[in-house]
There are 4 protein chains.
Amino acid sequence: MIRYLTAGESHGPALTAIIEGIPAGMKLDGEAITVDLRRRQMGYGRGKRMRIERDTAIVTAGVWDGVTIGSPIAILIQNKDWANWKGQRREKKLIPRPGHADLVGYLKYGLDDIQEVIERSSARETAARTAVGSVARQYLARFGIKVYSHTRRIGGVAYDTPVRFTPKVFREVESSHVRCADKSITREMIKGIDRAVEQGDTLGGTAEVIVTGAPIGLGSYTQWNRRADARLAAAIMSVPSVKAVEIGDGITSSSSFGSDVHDPIGYEKKGGYRHVSNHAGGIIGGITNGEEILLRAYFKPISTLGKPLDSVNLKTKRKTFAPYVRSDMCIVPAGGVVCEAVVALVIADLISEKFGGDSMRETLVNYHAYLKYVRAR
Amino acid sequence: MIRYLTAGESHGPALTAIIEGIPAGMKLDGEAITVDLRRRQMGYGRGKRMRIERDTAIVTAGVWDGVTIGSPIAILIQNKDWANWKGQRREKKLIPRPGHADLVGYLKYGLDDIQEVIERSSARETAARTAVGSVARQYLARFGIKVYSHTRRIGGVAYDTPVRFTPKVFREVESSHVRCADKSITREMIKGIDRAVEQGDTLGGTAEVIVTGAPIGLGSYTQWNRRADARLAAAIMSVPSVKAVEIGDGITSSSSFGSDVHDPIGYEKKGGYRHVSNHAGGIIGGITNGEEILLRAYFKPISTLGKPLDSVNLKTKRKTFAPYVRSDMCIVPAGGVVCEAVVALVIADLISEKFGGDSMRETLVNYHAYLKYVRAR
Amino acid sequence: MIRYLTAGESHGPALTAIIEGIPAGMKLDGEAITVDLRRRQMGYGRGKRMRIERDTAIVTAGVWDGVTIGSPIAILIQNKDWANWKGQRREKKLIPRPGHADLVGYLKYGLDDIQEVIERSSARETAARTAVGSVARQYLARFGIKVYSHTRRIGGVAYDTPVRFTPKVFREVESSHVRCADKSITREMIKGIDRAVEQGDTLGGTAEVIVTGAPIGLGSYTQWNRRADARLAAAIMSVPSVKAVEIGDGITSSSSFGSDVHDPIGYEKKGGYRHVSNHAGGIIGGITNGEEILLRAYFKPISTLGKPLDSVNLKTKRKTFAPYVRSDMCIVPAGGVVCEAVVALVIADLISEKFGGDSMRETLVNYHAYLKYVRAR
Amino acid sequence: MIRYLTAGESHGPALTAIIEGIPAGMKLDGEAITVDLRRRQMGYGRGKRMRIERDTAIVTAGVWDGVTIGSPIAILIQNKDWANWKGQRREKKLIPRPGHADLVGYLKYGLDDIQEVIERSSARETAARTAVGSVARQYLARFGIKVYSHTRRIGGVAYDTPVRFTPKVFREVESSHVRCADKSITREMIKGIDRAVEQGDTLGGTAEVIVTGAPIGLGSYTQWNRRADARLAAAIMSVPSVKAVEIGDGITSSSSFGSDVHDPIGYEKKGGYRHVSNHAGGIIGGITNGEEILLRAYFKPISTLGKPLDSVNLKTKRKTFAPYVRSDMCIVPAGGVVCEAVVALVIADLISEKFGGDSMRETLVNYHAYLKYVRAR
């Protein structure tokens, strides 16, 4: 079992994450965590803070001479502008912004100041998940499993071409300011963002996550909360701004004939059982089927608008406009990176559950014995 | 905390479910559970078994003189055709059907006969979840919370009209063979199913779940797995054949401008804080916002086709056609009922977590104290 | 992960248990479960009910042709005198018995009748745990792990001789009416019980659980709730009437010198690392060390006394005597059998966590690869 | 639900803990956490490190202007001698010390150097638990619940007098170098430690934890892992060196007559239901009964001895002596403080489960409504 907790406020001293269940004997590259943190901070349409503050991961536990020892791994990400904030005298915020947790957090937690909601409900928290997700990603790499993401849509501009993910495609994606694999569509997406910004508006979109190399047999149909699809859906829906999750061609399948959406089964001497197509997105009956796992996260547009919406002053109960707070305009590219992280964490947990093991060596021995067995059936 | 486990095979003697965390002092109506089981068995396009076998819930624990006593509740649903099956000599099934868990289950669990997969991966298991969901539903009713569902789409036929759920609308839905609130669209959906059946094909579709009466403040943004949206997404994605989950207008939001999709906040002396629209589907930042919770489950078409797909004989490795097994043609109406159940279970768990309580009286006292407090803010 | 839930009241129709996480491909002997249920019902000093009602386990799920299929296993134990109870008109019980959950259950759950407490707080519930424990025991047998128990003390009569558990010793224990390995001490214990019965009194005692064959490396010091010692302590303390748990020579160690209680480490070419003594009871730092796991459960005397204690009428608040209800006089022998069950469940969970696997074949391959590796270090 | 994770190595940069589920609106005194950390470092018979290094808690998340906001609380405890360690060139440790996790950790995790085991298996980790336990303690204080501990035995010297815990007694305990409430026994205990030290030996003992003010009704008999006794036993057994746990008079009860050990029930107009004695240690049927909760932790003597035990060189497999590492001689006084922490965490979790609530105000309203109700029955 791999489990984790995160803590930390947007303007507190630091974000903290603890992840446990990673076996001993795994080389942990702290730099790679920082790289993922930086990838999360990129993207056209991000606010100013992202450009100022570059996150760095400090691994404070669980690693000895660069290698895991089976103990919980703790990661600290310091908030660089905390020092500036600390002393500041601030007025209470009392006008909730529509589309944010401002009102619900204020009422649920019985708080006096919306700032106390924003501090934790802010997407800043996803930096901590990106960090532990990066640990999971390094773990998965040892099994030949890779987790990618790219942008499928920003506002009205979609990139619909089927794409087979390779390191080359991934480099294209990484070099695009909106994380789109196609250069001309990248330009259109950027234009779309620019237009929205001019109008004081914001855009959502769709990010796709692709997991390559996952073996047949992760997850289970035997109990609802052992299913890989349910656990992945929870992970992706837990990312701020995500309002829908799709596996494979889930949405178009729902309006198609059965004969068009099911994936015929084949067998090749070398590769073993294979599916001829992958409408199912790599999961059948809650279990991975050996094909690429394809997931789509649908992001609503960011809620902070230049042209403010109606709201209410929580003290006076009078109608007013929601305040405008300088913010991002489009978080889809960053959102995709966060989705990679949460997906990696689920897959890592599923691997850990199926193969056990307290050292990388042990888990890998179990893993390869299983692969060999599957191939021989 | 409300948690549950189910057990039982499709052709075993019985399905069993245990749910615990329901407080003492709740009148439990066993008949109402059976009613939900029957609702799950209805729907145009179901196979023959559904017509033969009418499920009945037997409550074997947790209830004394018709009232809960705080102990785990156990429910038994006997499989009526078990007696017929039991003695039967059957050949091993060795040709996996595409779109079913046949192949993945066979490999994962190292089984010799696909029948051993089908027994548990079959949607028969959802009867047990429907039963415990019915218990959760009765619990929620004490808080004025109701969980409805209806069909939004079957294959190419959609019902897109916005609908405000009332008991009257619900009666319409219940009297429709496809659980659609509109009579003429019901007819079209039925025609669509008939056409598919003629072609040996199957249809998927979309079911919508509506939760009315849920208070502001269930779920939390403070940790990823405390979020109401993530937990609901997991529940719905865990229903067999569901391949996508949407909250509110999640999918259309992703291609819209921010100014069009966020719900302005208002205040009325009587009702307190209210949102003027409900694009968010009742959840913001992982927390319920007091509006109706709107969820959509996208079902793929059932995998068992009259015109069979390519598959492989697991013994000989030779290419062959997938066998045709008499089955349902469209499970969207039944799927909606199952989705109600799993959603009710999540909401019940969230209520239990926020309000605690070991007797209905205690939980309700806590609940009403909170509502009063929210109203006074 | 192996987890389970039980349900069922003492005078309800049945006890139910669901256990999941047992891999596919394990022959499950339903008779053996019934044998364990009967072992739990034995013992000198049991009440009359035990002699009338002989429990039988019915496996209703998770097993196909006598072999597990990876699905949850459900077990039903019918209460044979339920039919008699059902129709009976009974007065409300309003005088709580000291030493029972009567008062606390009545207040916590807001009940009106102590009977509603007794139904679930009764030790009858341990029959369900014995049944799932028996499943766990069959699982462990595949790894060469055995779980025994015997009686170390009843009231003033102790059996202090160190004992190495073998099948032969175990047969002695099983043939003793008090489950003591020594014939003359058995006689003394029985005399002690007889004397207590004459005086309308009851006796407690100590049961010892011995686990043989557990490998080095179950459990972990890395997080408090991953420790084998903590999990075993919880399991044993959860058995009704247990008020203390000891691992190895825990209690005498606490008043000894360090030099007397630690177990020197040796190495033998054949057996690998070994401890020269076993004061630690097989667990060091929360991890099994390859030696026998030794646990002791301290049972208080049963609370239902012939000479009744002071209590209060819950309606009138007037002082009164606690009612006498026909009951057992000494449950230590039965308690030992229940402790075996709960210990087996914990060890099974630890095995499942460390070795993973969805089929017995897979788990055993992983297990033996690990043993080989440990031996080679 | 209140849950927590800790991370951190003995010679790493820092210990980290995250605790979540503490409601918003609780004043959190960071100084008080540091005070508990220092209390854990006291005690006659501690090693030199304790005297050098004084721990300080830094709260890095979950608190805003000194008050909780419902978010996870993170605590950082820096290891002050990390800087010294960091650069140091060290030889691999290859001789496992009996009584430590050295051998089992080395084999389980497939490590190359025992140091990698010691880093996390060291009792240093309990500082992190003491810190989160201190948070739980502050939470409990709001309900009038206090958690104390004192030393009942060190080696051969016992303090057996029954003691009613009051702030005055507690001050006595805190001023004793061995945390014993009696001055002359304190002197004897110190003498005992001195004698052991002279002989290069170590001593264990017994710490008692007392919880005052806990309401009737925490925990439950309805499922094994909802029982307060089981959860408390797990918590205490998870403290390093603890090898037995006792509730109330658990051990002596096991050799007594039932008529001597059960606590008669009374009723007083003002206080409501009361037990005339408290042999049960405040827990009946897994539920708190409103009396003081009394728990005893039995500590084995520390394993690091001046006169070393036999061990084996893990490389050469040759017999050798276990190395002597400068260490504590008796950790019972510190162990008691750690037990307070883990007990406070369990009680806090039970409170959170029963009373729910997202703000202190809400939880307290629920709590007092329940108390009023119990009093009125």
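Definitions and limits used
Residues numbered from 1 in each chain as written. Chains lettered and ligands numbered in written order. Predicted model: local features only at pLDDT ≥ 70, side-chain atom pairs only at ≥ 80, totals over all residues. Heavy atoms only, no water. Pairing = 2+ DSSP bridges. Helix = DSSP H or I, 4+ residues; strand = E, 2+ residues; numbered from the N terminus. Least-squares fit on C-alpha atoms with pLDDT ≥ 70 in both. Contact = heavy atoms within 4.5 Å. Buried area = accessible area lost by both parts, 1.4 Å probe. Salt bridge = Lys/Arg side-chain N within 4 Å of Asp/Glu carboxyl O. Polar contact = N/O pair within 3.5 Å; in protein donor to acceptor, adjacent residues only side chain to side chain. Axes fitted to C-alpha atoms, helices over the stretch in contact; angles between N-to-C directions. Phe/Tyr/Trp six-rings, centres within 6.5 Å; stacked < 30°, edge-to-face > 60°. Lys NZ or Arg CZ within 6 Å of the ring centre and 35° of its normal.

Across the sheet, which stays open at both edges, the 10 strands sit in the order β8(C)-β7(C)-β9(C)-β15(C)-β10(C)-β10(D)-β15(D)-β9(D)-β7(D)-β8(D) with antiparallel pairing between neighbours. Both edges of this open sheet fall to β8 (157-158) of chain C together with β8 (157-158) of chain D, since each of them pairs with a single strand only. With 7 bridges connecting them, strand β9 (residues 205-212) of chain D and strand β15 (residues 293-299) of chain D associate as antiparallel partners. Bridge pairing in β15 of chain D links E208 of chain D to R296 of chain D.

Its rotation angle being 180 degrees, the transformation that places chain A on chain B also includes 0.0 Å of axial translation and leaves an RMSD of 0.0 Å. In symmetry terms, the pair is related by a two-fold rotation axis. It is A234 of chain A whose C-alpha, among those of chain A, lies nearest the rotation axis, at 2.4 Å. Both copies present the same face, since 100% of the interface residues in chain A are matched by interface residues at the equivalent positions in chain B.

With that out of the way, let us pick up the pairing of strand β12 (residues 272-275) of chain A. Direction of pairing for strand β11 (residues 265-268) of chain A relative to β12 of chain A: antiparallel, over a ladder of 4 bridges. For E268 of chain A, the partnering residue across the bridge sits in β12 of chain A and is G272 of chain A.

Looking now at the relation of the copies chain A and chain C. Aligned on chain C, chain A shows an RMSD of 0.0 Å; the corresponding rotation is 180 degrees and the shift along the axis is 0.0 Å. Most of the interface of chain A is mirrored in chain C, where 100% of its interface residues again form contacts.

A separate point is the interface of chain A and chain B. The partner chain B presents 102 residues to the 102 residues of chain A that form the contact. Both sides together, the interface formed by chain A and chain B hides about 8,100 Å², and carbon and sulfur atoms give 65% of it. The residue D112 of chain B makes a salt bridge to R377 of chain A at a minimum N-O spacing of 3.6 Å. Applying the counting criterion to the chain A and chain B interface returns 40 residue pairs in polar contact (both at pLDDT 80 or more).

Spatially, 10 strands are ordered β8(A)-β7(A)-β9(A)-β15(A)-β10(A)-β10(B)-β15(B)-β9(B)-β7(B)-β8(B) in an open sheet, and the strand pairing comes out antiparallel. Every interior strand has two partners, whereas the edge strands, β8 (157-158) of chain A together with β8 (157-158) of chain B, have only one. Docked against the sheet, helix α12 (residues 332-355) of chain A engages β7 (146-154), β9 (205-212) and β15 (293-299) of chain A, running at close to 145 degrees with respect to β7 of chain A. Against the sheet, helix α9 (residues 228-237) of chain B makes contact with β10 (242-247) of chain A together with β10 (242-247) and β15 (293-299) of chain B, and its axis sits at roughly 150 degrees relative to β10 of chain B, the strand it touches most.

Moving on: the packing of aromatic side chains. All names here are of chain A. With the rule as written, the count across this model stands at 40 aromatic pairs over all chains. Here the aromatic residues Y139, F143, F355, Y367 and Y370 are joined through ring pairs into a cluster of three or more. The ring of Y370 has K354 lying over it, and the distance from NZ or CZ to the ring centre is 4.0 Å.

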